[in-house]
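Coordinates in review
Each chain is listed here by its residues.
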Amino acid sequence: MSLERNCNTSLIPVIDFDAFFDKSTKHAVAGEMLQSFKDIGFVYLINHGIPQAKVTEMFEMSKKFFALPLETKNLAPHPPSGTHHRGFSAQGQEKVTQHVYDCDSLAEQRAQAPDAKESFECGREEDELMPNIWLPEGTLVGFKETCLEFFWVSFLACLVYHFIRVHQLCHKIELDILRALALGFGLDEEYFTQCHTAPDNQLRLLHYPSVPLDALHQNSIARIGAHSDFGWITLLLQDDVGGLEIEDPNVPGAFRSVTPVSGALLVNAGDFMMRWSNDTIKSTIHRVCAPPGTTSGMTPERYSIPYFCSADFSTVVDCIPGTWDEGAGRPNFPSAASTSELQQT
Ligand SMILES: O=C(O)CCC(=O)C(=O)O
Ligand SMILES: [Fe+2]
């Protein structure tokens, strides 16, 4: 088994994740993944373990959902509160910005350049704090089951929906990625997974409709504005349209286009992971703009599926051992902030 590493647009390394399950290459993969998170905050994984058929099924279901009439999609409305991340948000309803929390500034930004995207968000079905919001029974056959299976199949859900057909999809891959990062830090493989047990994660289906290129260039509309992800790690699946851009860590303010890699999973670190790693890992700013090949007229539509991974709410976020010199000083952040406390800061 070979450890493949080459460059995507000379920016984001592509790693063959299958090699993580081979003893002889395991540590090398772990080291390369962590290095990539330190250098650029992103890594592409091929042979990641989510079967291509399942990815295709999820994208097809997402397309069917967004093709429904607006009034049907609105039968599963995202609550107005910005803290209950479930259900459908229509175009212009959400404006992704970096660190703008007060309502007046948000309303102002929204009026300037609304995000030309629509989304559907769901989590684990058993989550009582943030219950899922589904379409009424029978509206889109198989939608709920496909989302739940893709997210993570609990034993109960398996029994109910598919008998004992256990596909370990996004959540399983999340745990393997966390194992690799822990090994990369020279820690016990289960250092991170032991506090990712719930899993209080969020699956988001995204559709960026076709829009006039001029409007995007003139900033009268945006696709998704520049932001970093809030949580621990994000797994991103995208179609082959392109348009994702990330800030060049060596040239602040300059954005570089990320070319989609067929079948690959794009993984990036969020703000909590950056904090946990005492700023040694980057939570890199990214955005979605017009795809590079479009020169005039309308942009092609784009579909993507991010999966945002969170640690258990009770997790105490001490900086990871070894990310600061205990003899020479303090870590950049005070210890003992729990995930729930951090979410309020
Ligand atoms: O659509 C994409 O590729 C990016 C989505 C994203 O960055 C997000 O939802 O946080
Ligand atoms: Fe993001």
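Note that the structure is a prediction, hence the values are computed from the model and not measured.

Section: the site of ligand 1
Lining the immediate environment of ligand 1, one finds 14 residues, of which Arg204, Tyr208, His227, Arg302 and Ser304 sit closest. Within the contact set of ligand 1, an oxygen atom lies 3.1 Å away from a side-chain nitrogen or oxygen of histidine 286. A distance of 2.4 Å separates an oxygen atom of ligand 1 from a polar atom in the side chain of arginine 302. Those elements that provide at least two residues to the shell around ligand 1 are strand E6 (202–208), strand E7 (224–227), strand E12 (286–288) and strand E13 (302–309). The biggest single contributor to the shell around ligand 1 is E13, with 4 residues. The residue makeup of the shell around ligand 1, split by class, is 8 nonpolar, 3 polar and 3 charged.

Describing the coordination of the iron ion (ligand 2)
All of the protein donors around the iron ion (ligand 2) are His227 (NE2), Asp229 (OD) and His286 (NE2); their distances to the metal are 2.1 to 2.2 Å. Written as a sequence motif, the donor residues of the iron ion (ligand 2) are H-x1-D-x56-H. Separated by 57 residues along the polypeptide, aspartate 229 in the loop between E7 and strand E8 (233–238) and histidine 286 in strand E12 bring together distant segments of the chain. Here aspartate 229 and histidine 286 have matching classes, each one buried.

Some remarks on the packing of aromatic side chains
What characterises a pair of aromatic rings is the spacing of the ring centres plus the angle enclosed by the ring planes. Under the criterion given, the structure shown has 18 aromatic pairs. Measuring from ring centre to ring centre gives 5.2 Å for phenylalanine 230 and phenylalanine 272, while their planes differ by 45 degrees; the resulting arrangement is tilted. Here the residue phenylalanine 230 occupies a position in the loop between E7 and E8, and phenylalanine 272 occupies one in helix H9 (residues 271–276), the gap between them amounting to 42 residues. Taking the relative accessible area as the measure of exposure, phenylalanine 230 reaches 40% and is therefore partly exposed. Plain terms: the ring middles of tryptophan 232 and phenylalanine 272 are 5.0 Å apart, the flat faces sit at 65 degrees to each other, and that makes the pair edge-to-face. A residue pair is termed long-range when its members are at least 10 positions apart, and tryptophan 232 in the loop between E7 and E8 and phenylalanine 272 in helix H9 qualify at 40 residues. Phenylalanine 272 carries the same exposure label as tryptophan 232, and that label is buried. Linked through ring pairs, Phe185, Tyr191, Phe192, Phe230, Trp232, Phe272 and Trp276 together constitute an aromatic cluster. Between lysine 63 and the ring centre of tyrosine 303, over which it is positioned, the NZ or CZ distance is 5.2 Å. The positively charged end of arginine 287 is found above the aromatic ring belonging to phenylalanine 255, 3.9 Å away from the centroid.

Side note on the sheet that holds E7
The sheet built from 4 strands is open, its strands ordered E7-E12-E9-E10 with antiparallel pairing. Edge positions in the sheet fall to E7 and strand E10 (255–257), since each of these pairs with one other strand and no more. The average angle at which neighbouring strand axes cross in this sheet is 25 degrees, direction not considered. Inspection of the sheet shows strand E9 (residues 244–247) paired to E12 by 3 bridges, in the antiparallel sense. Along E12, the bridge assignment pairs leucine 244 with valine 288.

Considering the state of the cysteines
Tallied over the full model, the rule gives 0 disulfides. Cysteine cysteine 319 shares no disulfide, and the gap to the nearest cysteine sulfur, in cysteine 195, comes to 14 Å. Note on cysteine 319: relative accessible area 9%, which makes it buried.

A word on the UniProt feature "domain: Fe2OG dioxygenase" (unreviewed entry) in the protein chain
What UniProt calls "domain: Fe2OG dioxygenase" (unreviewed entry) maps, in this numbering, to residues 199–311. Helix makes up 10% of residues 199–311 and strand 35%, with an end-to-end C-alpha separation of 7 Å.

Criteria and cut-off values
Residues numbered from 1 in each chain as written. Chains lettered and ligands numbered in written order. Predicted model: local features only at pLDDT ≥ 70, side-chain atom pairs only at ≥ 80, totals over all residues. Heavy atoms only, no water. Near = heavy atom within 4 Å. Polar contact = N/O pair within 3.5 Å; in protein donor to acceptor, adjacent residues only side chain to side chain. Helix = DSSP H or I, 4+ residues; strand = E, 2+ residues; numbered from the N terminus. Nonpolar A, V, L, I, M, F, W, Y, C, P; charged D, E, K, R; others polar. Donors = N, O, S within 2.8 Å, 3.2 Å for Na, K, Ca; no water. Buried < 20%, exposed > 50% of the residue type's maximum accessible area, 1.4 Å probe, protein only. Phe/Tyr/Trp six-rings, centres within 6.5 Å; stacked < 30°, edge-to-face > 60°. Lys NZ or Arg CZ within 6 Å of the ring centre and 35° of its normal. Pairing = 2+ DSSP bridges. Axes fitted to C-alpha atoms, helices over the stretch in contact; angles between N-to-C directions. Disulfide = S-S within 2.5 Å. UniProt positions renumbered as here; feature names shortened; annotations may be inferred.

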